[in-house]
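Per-entry structural report
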Amino acid sequence: NDSLSSEAASDAEATVLSFYAAVAYGHSIPHATVDVRGGSSIVTTDELSISTRADSDLSIIATQNLIGTSTVVEKRNVTLAGAYSDVVSSAELSSDSTLTVGDDLNVDVFATREHNTQSNSAAYGDGTLGLALNVAVHESTIEALIDGDVTTGGDMTVDAELVTIKNDFNATSTVGTGSLGG
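Since we're looking at a predicted model, the values are computed, not measured. (Residues numbered from 1 in each chain as written. Predicted model: local features only at pLDDT ≥ 70, side-chain atom pairs only at ≥ 80, totals over all residues. Heavy atoms only, no water.)

Here Ser-56 shows up in strand β5 (residues 48-64). Ser-56 gets classed as buried once you look at its relative accessible area, which sits at 2%. At 2.8 Å, the side chain of Ser-56 forms a polar contact with the side chain of His-115. Discounting chain neighbours no more than four positions away, the residues touching Ser-56 are Ser-10, Ser-28, Pro-30, Ser-85, Val-87, Thr-112, Arg-113, Glu-114 and His-115. (Helix = DSSP H or I, 4+ residues; strand = E, 2+ residues; numbered from the N terminus. Buried < 20%, exposed > 50% of the residue type's maximum accessible area, 1.4 Å probe, protein only. Polar contact = N/O pair within 3.5 Å; in protein donor to acceptor, adjacent residues only side chain to side chain. Contact = heavy atoms within 4.5 Å.)

Now for a nonpolar patch on the surface. Together, Val-23, Val-78, Leu-80, Leu-129, Leu-131, Leu-133, Val-135 and Val-137 make up an exposed nonpolar region whose accessible area comes to about 600 Å². Secondary structure elements with two or more residues in the nonpolar patch: β6 (76-93) and β9 (129-146). The greatest single-element share of the nonpolar patch, amounting to five residues, is contributed by β9. Mapped onto the elements of the fold, Val-135 is located in strand β9. (Patch = residues over 30% accessible without salt bridge, like charges linked within 9 Å, V, L, I, M, F, W, Y side chains within 5 Å. Areas by Shrake-Rupley, 256 points an atom, 1.4 Å probe, with all protein chains shown as cover. Salt bridge = Lys/Arg side-chain N within 4 Å of Asp/Glu carboxyl O.)

Quick look at the pattern of salt bridges now. Under the defined criterion, the tally for this structure stands at two salt bridges. Asp-55 is the partner of Arg-53 in a salt bridge, and the nearest nitrogen-oxygen pair spans 2.9 Å. For Asp-168, the salt bridge goes to Lys-166, with nearest N and O atoms at 4.0 Å. Judged by its relative accessible area of 34%, Asp-168 is partly exposed.

A few words now on a negative patch on the surface. A surface patch of negative charge is lined by Asp-2, Asp-46, Asp-103 and Asp-155. You can see Asp-155 is positioned in the loop between β10 (149-152) and β11 (156-175). Using a relative accessible area of 56% as the deciding quantity, one classes Asp-155 as exposed. (Lys, Arg positive; Asp, Glu negative; His and termini not counted. Charge placed at Lys NZ, Arg CZ, Asp CG, Glu CD.)

Read across the sheet, four strands follow the order β1-β5-β8-β11 without closing on themselves; strand pairing throughout is parallel. In this open sheet, the two edge strands, each paired with only one partner strand, are β1 (2-18) and β11. Neighbour-to-neighbour, the strand axes of this sheet turn through a mean angle of 0°, independent of strand direction. Pairing geometry for β5 and strand β8 (residues 105-123), over 17 bridges, is parallel. Its bridge partner lying in β8, Asp-55 is registered against Thr-112. (Pairing = 2+ DSSP bridges. Axes fitted to C-alpha atoms, helices over the stretch in contact; angles between N-to-C directions.)

Here you go:
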């Protein structure tokens, strides 16, 4: 059994707890690729497996003053959470490639995303402004491309899958009884 494989994993975590203002940012960019370039030729008498796997785990949390009424008389609190991910899992056999496989040919392209981005703001007591912003941009490229001559002595399977385990984004703000809070 012959194989070509690539794996990439990214685990980004950021948690910020503060008074008045909190900013948290993180990014996850796992790229797993197998690319047989032009002019290449693969010959095997056995089974050939080509596989890629990219896993993105991202947890970004900005939180400030959620512990109750401030003893330092905070009237305004602002939080910002930002996240970016670019998940790539790709197997490509270019148009000039020639594959001759004596048994089965299996191409598996797989990726997972588990993302959580939160922004939490609170101005209790005489608070007049609590502002929470959350900006998250997530991109995914999952591709299994075969372009060229392929000869197998068995079965050929091509499988590409993206699994989103978690995709949570939220921003919450709480304000007290100040002039804007009511």
